[in-house]
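Understanding the architecture of this molecule
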Amino acid sequence: MTSIETHVKKPYEYGWETDIESDRVPAGLSEDTIRLISAKKGEPEWLLEWRLKAYRHWLTMTEPHWPNVTYGPVDYQAIHYYSAPKQQQAPKSLDEVDPKLLATFEKLGIPLSEQKKLTGVAVDAVFDSVSVATTFKGTLREAGVIFLPFSEAVREHPDLVRQYLGSVVPPTDNFFAALNSAVFTDGSFVFVPKGVRCPMELSTYFRINAAATGQFERTLIVAEEGAYVSYLEGCSAPMRDEHQLHAAVVELVAFDNAQIKYSTVQNWYPGDEEGKGGIYNFVTKRGACRGKNSKISWTQVETGSAITWKYPSCILQGDNSIGEFYSVALTNNRQQADTGTKMIHLGKNTRSTIVSKGISAGKSQNTYRGLVKIMKGAENARNYSQCDSMLIGDQCGAHTFPYIDVRNSTAIMEHEASTSKIGEDQIFYCQARGLSAEDAVSMIVNGFCKEVFRELPMEFAVEAQNLLAINLEGSVG
Amino acid sequence: MTAVAPQTRRAEDAVAQLVADYEAFAANGAAGAPPWVQELRAGAIRQFAEAGFPSTKDEEWRFTSVEPITRTRFAVASATVSAAVRRAVEEVAIGESGERLVAVYVNGRFVSELSSLALPTGVTIGSLAAAAEGDVARQHLGRLADPSANPFTALNTAFVLDGAFVHVGRNVAVDRAIQLVFVSLAGSEPTVSHPRNLYLFDDGAQASIIEQFVGIGDGPYWTNAVTETVLGENAVVDAYRVQREHDNAFHTATSQSRQGRSSVYTSVTFAFGSRLTRYDLNATLDGEGAECTINGLSVLRDEQHVDFHTTLEHAKPHCPSWEVFNGVYDDRSRGVFSGRIIVRPGAQRTDSKQTNNNLLLSEDARADSQPQLEIYADDVKCTHGATLGPIDPKAMFYLRSRGLDEEAARNLLTFGFGAEILNSVSVEELRTQLDGIVHARLDESARKRSS
């Protein structure tokens, strides 16, 4: 396989920067910073109080260091907590949006203009700390679906936001959730009313552009009784030598018979081959299946970030509710990932499925960490977990740390994990059939991840497959 | 926070008490141990005093609270021989008397009058205190079990006095099982013993070794054992460990083995007794082509708590390892399993399989499983699996359709669950003894259920 070793590594495709004047608050974090962010967003008094409370609690907390990752200290005073592209006033329609911004998203493959917008997918485009455009607002409004940038939702539907904000991930939940609660800037708010099946896929694309900023987005999705929504999230950032912090919070709430499908393709800048630069991706994602027969499904493809640290979780409260977690985490060069899920079974006949595929290459470390907790009242709960790791190269590491805690004897749970090298005989077979080694590896890796890709919406599945192929280039050998 | 404070103080008090006990023990001439042993102890007590007792906030102790141990004041136990001790030894000893290799330790101290040792050439079995005078023990004692890794190991090392010493010479094959019987005598006040065992198998040695822990009397006592096992090149060793402490006992133990090139080590552990057990089983494959099997079974009832922590470390290439731990939990008992497989950089061609199955027989039983893989080499095959649940209703239905009544079907399935581990016992008489214990346990559960 030495011939492939010489293969030139393709650089990070989204590493360019948009030259745009930005309005950003000075670096540093204090109550004044929070007041300033809140004022810039024109927020009501209760939200400012909520932020300040979270901030005061955050001050009493210490940064956790239990995950299986190592990184230098984060200087929270060196970060700019708010950065927005300068605009005269809020654009009323797409025509008023700075063409530079539209071009940025077009270059990223997310056309926002009327003629070109993706059919069947409504997009909310977030640039640094603000949302720049949201497509298909009208069509969605007709269906009764609210899909708005978070700051707009606070203005237009304060009661709904107030009711659900922090109800799944309380501001005091953990260090990064507390930080996010204090300084969060933008994100998406989705509300699907009773009995409505959202007519199209909803999608938010996050772009970090400005240097030395952190992105702290907040997403909240509520599906009322019998509602259905599928939400996609994508992201990228320019290549820079210093690390940037991204600490998001995502909350999902599903009531009786509701279904939420949340898919992520995470492609933040991973840093260079020596581990210089890259995003620290410290995210809290949690969904609550509050109602009977509700279902929350997380699908994630993690290929970017210098350090990924996230555990999309499900709290299965309602009887017969279902939680799913499908994940592909790919690490290359010096990337580190500590990711997995938590499935907390509270209701009767609750079911959860975990399928996690980890691929480590180069000098990276890839960890699956998960918790399956079946509480006393969760009669007939069922869990199936499968965690497979693939190693490409002899200097990477793959680790599996599942925690299983069962307090009900009628529960059945199974956990399986395996770790192995990419099959040389399989590569040989493909090569004998005329495929290049690189294509063979890509094919084997895609086959390895098939169970997860199957869960992704069509457009994303294609993107994810290409992403894996790009990120693996040069690592085979 | 205020609710926690008294407990914390208690643990600190317990540590201070143990340090004071150590000082009295050391000032007493510490039973005339050689200076190197005294140094070993002094280093260990410092480490223990620094670390203190673990709390459930420590990742390694998340599911096991040692509070019942820290709450009790344990005095250092002394050895006495009574008719009850003789009976207990006779009950577990196997083989024809006269041909036996049975060494007996009462409260951690070797008692030669109870032991029957017809030693073949090249084999030493006896007291660690006696062996500590020689060079062999000095070379190995305290080299494997790391006091900084576990406060209980540190405590055992601080109070190291006596225990089992076994040395099988180069190319010697021992044709009978070596039996080490550890009897704990509960006195009028709670006592603690710290048996320290060292088993050395030179290149090409072959032996089976059985450790049996039994308890006499009703009062609480605490056994805190540490075993170090060294296998030379090509050595083949089967090690069995049967823990049948009294229901009021506490049992904390660490076993650390290191294997040389192409050696084969099989360790089978059984836990039936004690109210709180924590057993750390660490095996290091430190020579190419070494093979290791670690199996375990716990059958629990009432409020028993067993925590098995295993670490299989593949330090060298071309080593296969297998691990199966099964647990059967009735009443309000609780089983914890944490199995870690570490593949060190360069340990290529590692092939490791780990399985943990848990059977919950009662609604209040609880199990926690934590299989872990830490892999730093690429050309490896590692798998782990964990299952947890009640008896399979389909299997029950099948047996009922064949005419078995519910109780019989249930017992058969439960026993089958344990038999997976019992089958790895190749010493016939021990197997018979263990089958008896498991059957008795299941019958007892059945009686309780029907009444």
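Residues numbered from 1 in each chain as written. Chains lettered and ligands numbered in written order. Predicted model: local features only at pLDDT ≥ 70, side-chain atom pairs only at ≥ 80, totals over all residues. Heavy atoms only, no water.

All names here are of chain A. Within helix 2 (residues 31-40) the residues assigned to the buried category are Thr 33, Ile 34, Ile 37 and Ser 38. Buried residues of helix 2, seen end-on, are gathered within an arc of 130 degrees and therefore sit on one face of the element. Residues of helix 2 that are exposed and angled more than 90 degrees away from the buried face: Asp 32 and Ala 39. Looking at the buried side of helix 2, the elements it contacts are helix 3 (45-59) and helix 8 (175-183). The positive-phi residue at the C-terminal boundary of helix 2 is Gly 42, with phi of around 60 degrees. (Buried < 20%, exposed > 50% of the residue type's maximum accessible area, 1.4 Å probe, protein only. Helix = DSSP H or I, 4+ residues; strand = E, 2+ residues; numbered from the N terminus. Arc of directions from axis to C-beta. Contact = heavy atoms within 4.5 Å.)

Attention now goes to the environment of Phe 53 of chain B. Residue and element names in this part refer to chain B. Looking at where Phe 53 falls in the secondary structure, it is placed in the loop between helix 2 (35-51) and helix 3 (67-71). Counting along the chain gives 345 residues from Phe 53 to Tyr 398, while the straight-line C-alpha distance between them is 49 Å. With residues up to four places along the chain from it excluded, the contact list for Phe 53 reads Ala 11, Ala 14, Val 15, Leu 18, Phe 48, Val 66, Thr 70, Phe 152 and Trp 222.

All names here are of chain A. One pass over the full model with this rule turns up 35 aromatic pairs over all chains. Centre to centre, the rings of Trp 50 and Phe 184 are 6.4 Å apart; their planes meet at 80 degrees, and the pair counts as edge-to-face. One end of the pair, Trp 50, is in helix 3; the other, Phe 184, is in the loop between helix 8 and strand 6 (188-192), with 134 residues separating them in the sequence. The pair Trp 50 / Phe 184 is uniform in exposure class, with both members buried. (Phe/Tyr/Trp six-rings, centres within 6.5 Å; stacked < 30°, edge-to-face > 60°.)

Here the focus is the nonpolar core. If you look at the biggest cluster of nonpolar residues, it comprises 99 residues, and the most contacted ones within it are Leu 202 of chain A together with Val 168, Ile 178, Leu 180, Phe 201 and Ile 209 of chain B. No other element matches strand 15 (residues 276-285) of chain B, which puts four residues into this core. Setting aside residues no more than four positions away along its own chain, Val 168 of chain B makes contact with Gly 122, Val 123, Val 174, Ile 178, Leu 200, Phe 201, Asp 202, Ala 205 and Ala 207 of chain B. The next biggest cluster of nonpolar side chains, apart from the first, holds 33 residues, and it includes Ala 54, Val 74, Ala 84 and Val 130 of chain A. (Core = buried A, V, L, I, M, F, W, Y, C linked by side-chain atoms within 4.5 Å.)

Here we take up the layout of surface pockets. Take a probe with the size of a water molecule and roll it over the atoms, and the empty space left behind shows itself. In this model, the largest pocket occupies a volume close to 1100 Å³. Lining the largest pocket are 38 residues, with Trp 66, Trp 309, Tyr 311, Lys 342 and Arg 369 of chain A sitting closest to its centre. When residues of the lining of the largest pocket are traced back to their parent elements, those giving at least two are helix 8, strand 13 (278-289), strand 15 (307-310), strand 19 (342-345), strand 21 (365-374) and strand 23 (397-406) of chain A together with strand 19 (334-343) and strand 21 (366-375) of chain B. The element best represented in the lining of the largest pocket is strand 13 of chain A, accounting for five residues. Partitioning the lining of the largest pocket into residue classes produces 14 nonpolar, 11 polar and 13 charged. (1 Å grid on protein atoms, 1.4 Å probe; cavity = no way out; pocket = protein on both sides within 12 Å on 5 of 7 lines; lining within 4 Å. Points joined across faces, edges and corners; volume = space filled by probe spheres on them. Nonpolar A, V, L, I, M, F, W, Y, C, P; charged D, E, K, R; others polar.)

Here we come to the packing of helix 3 of chain A against helix 8 of chain A. All names here are of chain A. Direction vectors running N to C along helix 3 and helix 8 enclose 145 degrees, while the axes themselves pass 7 Å from each other. Our pair here, helix 3 against helix 8, has a crossing hand that is left-handed. In contact with Trp 50, Arg 51, Ala 54, Tyr 55 and Trp 58 of helix 3, helix 8 contributes Phe 175, Ala 178, Leu 179, Ser 181, Ala 182 and Val 183. A class-by-class count of the residues in the contact of helix 3 with helix 8 yields nine nonpolar, one polar and one charged. (Axes fitted to C-alpha atoms, helices over the stretch in contact; angles between N-to-C directions. Left-handed = near helix turned anticlockwise from the far one by under 90°.)

All names here are of chain B. Of all 10 residues making up strand 16 (residues 291-300), nine are buried, and the element is well covered by its neighbours. Bridging between strand 14 (residues 264-271) and strand 16 involves eight bridges; their strand directions are parallel. Pairing of Thr 266 across the sheet is with Thr 293, part of strand 16. Strand direction decides the pairing type here: strand 16 and strand 18 (residues 320-329), joined by nine bridges, are parallel. Looking at strand 18, one finds that Leu 300 is bridged to Tyr 329. (Pairing = 2+ DSSP bridges.)

What follows is about the interface of chain A and chain B. At the junction of the two partners, chain A supplies 31 residues and chain B supplies 34 residues. When the two sides are added together, the surface that chain A and chain B hide from each other amounts to roughly 2600 Å², 51% of it contributed by carbon and sulfur. The largest share of the area that chain A buries against chain B comes from Tyr 403, Ile 404 and Ser 409 of chain A, three residues that together contribute 21% of it. Scanning the region where chain A abuts chain B turns up two salt bridges. Across the pair Lys 376 of chain A and Asp 364 of chain B runs a salt bridge, and its minimum N-O distance is 3.5 Å. (Buried area = accessible area lost by both parts, 1.4 Å probe. Salt bridge = Lys/Arg side-chain N within 4 Å of Asp/Glu carboxyl O.)

Residue and element names in this part refer to chain B. With respect to the helices and strands, the residue Val 76 is situated in strand 1 (residues 75-76). Judged by its relative accessible area of 44%, Val 76 falls in the partly exposed class. C-alpha of Val 76 to C-alpha of Val 192: the two residues are 116 residues apart in sequence and 5.2 Å apart in space. Residues contacting Val 76, with those up to four places away along its chain left out, are Phe 159 and Val 192.

With phi around 55 degrees, Asn 380 of chain A is a residue other than glycine that occupies positive phi space. By the element assignment, Asn 380 of chain A lies in the loop between strand 21 and strand 22 (382-392). Given the relative accessible area of 44%, Asn 380 of chain A is considered partly exposed. The backbone phi angle of Asn 107 of chain B is positive, close to 45 degrees, even though this residue is not glycine. Mapped onto the fold, Asn 107 of chain B is located in the loop between strand 2 (101-106) and strand 3 (109-110).

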